[in-house]
Protein chains: 2
Amino acid sequence: MKLMSFDELDVKILAALSQDGRVRWSALADRFGVSAPAIADHVRRLENSGIITGYSVQINAVAVGLGLIAFVSITLDHPRHRADFLNYVQHQAHIQSCHHVIGESDYLLKICCASTADLERILTEEIKALPGIQQTRTTIALSSVKDTAALPIDEPN
Amino acid sequence: MKLMSFDELDVKILAALSQDGRVRWSALADRFGVSAPAIADHVRRLENSGIITGYSVQINAVAVGLGLIAFVSITLDHPRHRADFLNYVQHQAHIQSCHHVIGESDYLLKICCASTADLERILTEEIKALPGIQQTRTTIALSSVKDTAALPIDEPN
DNA sequence: AGTGAAAATGGTTGGCA
DNA sequence: TGCCAACCATTTTCACT
């Protein structure tokens, strides 16, 4: 993973791939007025430099029965419990994100699950059963106005 | 967008595409013991039924200078201002998510930006300038332990 | 639904500007 | 770095089960 400077074409490619991660190199080549191998070169470089970390599909969570989103603020009572906690977080697929935050609590988790019963199990049997959890505060989302992982990268002209 | 039941192969495909959104149909065909057209058929059906909503690239936010994440809780002082607020949220690329929540505040935003100066501008010039914002509370993320959009879909055996 | 083979499209490699 | 052209791989279509 080496340092890299990106040019305008790289930014255009990142913006385009954010919208359609399976777009053909040839389509981008036509759109940006270069050849397909040129696009492939840029993409390879973005991948090798660690700027592009992967590709994924976007799935309608409600349609697959995973429509409940909850945010859980967690305060740990001692730094000694941090490693176990982080290990737990990394291994649970229903924990979509975990941010170390500054302020009232230590960590903010976003949990994606099927139902309130499911959430209840995660909170009581998993999270509160971990060592060193001093306090949790759970906020349930009534609806998702917007929920994307896309970065604010604008396509240059 | 019609109702659809999914079988085991669909679940396998969704799990595989979550890990690699650009994987070749032929590779999935080999892995799951079916033909490439069979994979293509399933994927097309998942797309047409609205279960797959798109594909995207995963980008290292820090590497492109967008390493500051903040969570902003917002309380609106009157439902009349809701439409304007939601419209604002939809049109700002740096607002990655907005959930209508139950509890102390009305909405929880996740903001992705370049710096504290950038965040300051967003908060004071954009958000607090909107009509009907009664209260905001901002939490800055020190680090992201985990941050994925992947749904908890396990690959069946 | 799924298959297999043919036709079409797209990707990759290597020589060169 | 980028292009072109040829070669190779993949996707798509279609008749059939």
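Structure shown above.
> Looking at this model, I keep getting lost on the environment of Ile39 of chain B. Mind explaining?
Residues and elements named next belong to chain B. Looking at the element boundaries, Ile39 is found in helix H3 (residues 36–48). Among the residues examined, Ile39 registers a relative accessible area of 0% and is labelled buried. Not counting chain neighbours up to four residues away, the residues in contact with Ile39 comprise Leu9, Ile13, Trp25, Leu28, Ala29, Phe32 and Val34.

> Just to check I follow, could you spell out the protein's contact with DNA strand C for this structure?
Close to DNA strand C lie Arg24, Trp25, Ser26 and Pro37 of chain A together with Arg24, Val34, Ser35, Pro37, Ala38, His42 and Arg45 of chain B. Expressed as a percentage, the sugar and phosphate content of the atoms of DNA strand C within 4 Å of the protein is 83%. Here His42 of chain B contributes a side-chain N or O atom positioned 2.5 Å from a phosphate oxygen of DNA strand C. Among the elements of the structure, helix H2 (25–32) of chain A together with H3 of chain B are those that each provide at least two residues to the surface near DNA strand C. Per-element tally for the surface near DNA strand C: the top contributor is H3 of chain B, with four residues. Looking at the surface near DNA strand C, its residues break down into five nonpolar, three polar and three charged.

> Explanation requested: the side chain of Ser105 of chain B in the structure shown.
Residues and elements named next belong to chain B. Note on placement: Ser105 falls in the loop between strand E3 (95–101) and strand E4 (107–113). Judged by relative accessible area, which is 13%, Ser105 ranks as buried. Excluding residues within four positions of it along the chain, Ser105 makes contact with Ser73, Ile74 and Thr75.

> Looking at this model, I keep getting lost on the packing of aromatic side chains. Mind explaining?
In this description, an aromatic ring pair is defined by two values, namely the gap between the centres and the angle between the planes. Inspection of the entire model under this criterion finds two aromatic pairs over all chains. Measuring from centroid to centroid gives 4.9 Å for Phe85 of chain A and Tyr107 of chain A, while their planes differ by 45°, and the two rings are tilted. In this pair, Phe85 of chain A sits in helix H4 (residues 82–91) while Tyr107 of chain A sits in strand E4 (residues 107–113), placing the two residues 22 residues apart along the sequence. Residue Phe85 of chain A is classed as buried on the basis of its relative accessible area of 1%. Directly above the ring of Trp25 of chain B sits Arg22 of chain A, whose terminal nitrogen or CZ lies 3.8 Å from the centroid. A cation over a ring is seen here: Arg22 of chain B above Tyr55 of chain A, with NZ or CZ 5.7 Å from the ring centre.

> Looking at this model, I keep getting lost on the sheet that holds E4 of chain A. Mind explaining?
Strand order around the closed barrel formed by eight strands is E2(A)-E4(A)-E3(A)-E5(B)-E2(B)-E4(B)-E3(B)-E5(A), with antiparallel pairing between neighbours. Strand after strand, the sheet turns through a mean of 35° between neighbouring axes, direction not considered. Bridging between strand E3 (residues 95–101) of chain A and E4 of chain A involves five bridges; their strand directions are antiparallel. Bridged to Cys98 of chain A within E4 of chain A is Leu109 of chain A.

What counts as what
Residues numbered from 1 in each chain as written. Chains lettered and ligands numbered in written order. Predicted model: local features only at pLDDT ≥ 70, side-chain atom pairs only at ≥ 80, totals over all residues. Heavy atoms only, no water. Helix = DSSP H or I, 4+ residues; strand = E, 2+ residues; numbered from the N terminus. Buried < 20%, exposed > 50% of the residue type's maximum accessible area, 1.4 Å probe, protein only. Contact = heavy atoms within 4.5 Å. Near = heavy atom within 4 Å. Polar contact = N/O pair within 3.5 Å; in protein donor to acceptor, adjacent residues only side chain to side chain. Nonpolar A, V, L, I, M, F, W, Y, C, P; charged D, E, K, R; others polar. Phe/Tyr/Trp six-rings, centres within 6.5 Å; stacked < 30°, edge-to-face > 60°. Lys NZ or Arg CZ within 6 Å of the ring centre and 35° of its normal. Pairing = 2+ DSSP bridges. Axes fitted to C-alpha atoms, helices over the stretch in contact; angles between N-to-C directions.

Limitation: the analysis is restricted to geometry and does not speak to function.
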